[in-house]
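Structure at a glance
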Amino acid sequence: MKVKYTAAWVGFTAAALVAATGCSSDPVRDTARKAAEVADGSEQIMAALTRATDRTEQLGSAEVRMTTDIGTGTPVAMDGTYSWGDGYAFDVQMDTAAAQMQQLQDAPTTRVLFVDGAYYYDVDPQATGPLEGKEWMKVDSSAVFGEQGSQALSGSNGSPSASMKGLKYADDVENLGSETVNGKATTHYRAVVDQERMGKFKDAFGTLTDSGATSITMDVWVGAGDLPVRMVQEFGAVKVTMDFAGFGRTAAVKAPPAAQTGDLTEALKEAGAAR
């Protein structure tokens, strides 16, 4: 059952009134009943999504396979552990070629950490430059998202849990029925969140304005124990898919030793400013 608090709903109810005039039933009563059914369905969907959000937040971590497609090339897959109970962090393996990291890593996959607001890439030690003899490349999130975007990703913001919490801003929700995902029985929900309703999370999605997208469509498949099995977010040309498993069983993510790390944050900021 779908809910749209827009002119479309007004048009639907008006059409129902006109159609009902040729019937023996009371059109006002029937329209009121349908409106009540829609409202009840919306409340049930939001209650289910709220339970899934609360449960995800409570468990604090999960094994996640995430694929990001920005519509300009090969989607980038990251497979590993994400945590959000004590700040947002992850430890994943990323496809080297899809991420265009071949100049820094010969292996087909590259290990990437995110902890304390910074990205760490496991690279091959370089012969010269800031990564000379280093095993890790550090990039602060502010070099990627800017200061405002970096602050929006602080704490647990930007994590899979934060994406789930964004569902509460949806003004268009739908129950698409039962589906089997990754061998698990699930209920498929869809929610549309307008950018203006993203609250404090909208800064983390600043590219929405640049891409012309005005909303985020979120599909969530909820399985046993009120836990998400899959979540797909689409905004503009960007599509992010997350498959969840192993909730609450991940190890803490720690930054690599400083002596093994080369920091490219300022170099990337300067390169960005020069463009």
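Preceding this paragraph is the structure being described.
Presented here is an overview of the structure given in this document. (Residues numbered from 1 in each chain as written. Predicted model: local features only at pLDDT ≥ 70, side-chain atom pairs only at ≥ 80, totals over all residues. Heavy atoms only, no water.)

As a further point, take the environment of P75. In this fold, P75 is placed in the loop between β1 (61–69) and β2 (76–83). Between the C-alpha atom of P75 and that of A98, which follows or precedes it by 23 residues, the distance is 6.6 Å. For P75, the residues in contact, after removing those within four places along its chain, are T67, T68, D69 and A98. (Helix = DSSP H or I, 4+ residues; strand = E, 2+ residues; numbered from the N terminus. Contact = heavy atoms within 4.5 Å.)

Quick look at the nonpolar core now. Grouped together as the largest cluster of nonpolar side chains are 44 residues, with contacts concentrated most on Y82, F90, Y121 and M137. Ranked by residue count, the leading element in this core is helix α2 (residues 27–59), at 5 residues. Once residues within four sequence positions are removed from consideration, Y82 is found in contact with G60, S61, A62, V64, M66, Y88, A89, F90, V92, P160 and T250. Counting 7 residues, the second-largest nonpolar core is a separate cluster that includes L113, V115, Y120 and V253. (Core = buried A, V, L, I, M, F, W, Y, C linked by side-chain atoms within 4.5 Å. Buried < 20%, exposed > 50% of the residue type's maximum accessible area, 1.4 Å probe, protein only.)

Applying the stated rule across the entire model yields 8 aromatic pairs. On the numbers, 5.3 Å between centres and 45 degrees between planes, the contact of Y88 with F114 is tilted. Pair noted here: Y88 is in the loop between β2 and β3 (89–95) and F114 is in strand β4 (residues 109–115), with a separation of 26 residues, a long-range link. By relative accessible area, F114 is classed as buried at 3%. Their ring planes at 25 degrees and their centres at 5.6 Å tell us that F90 and F114 sit as a pair that is stacked. Of the two residues, F90 is situated in strand β3 and F114 in strand β4; the sequence distance between them amounts to 24 residues. Taken together, Y82, Y88, F90, F114, Y119 and Y121 form an aromatic cluster joined through their ring pairs. (Phe/Tyr/Trp six-rings, centres within 6.5 Å; stacked < 30°, edge-to-face > 60°.)

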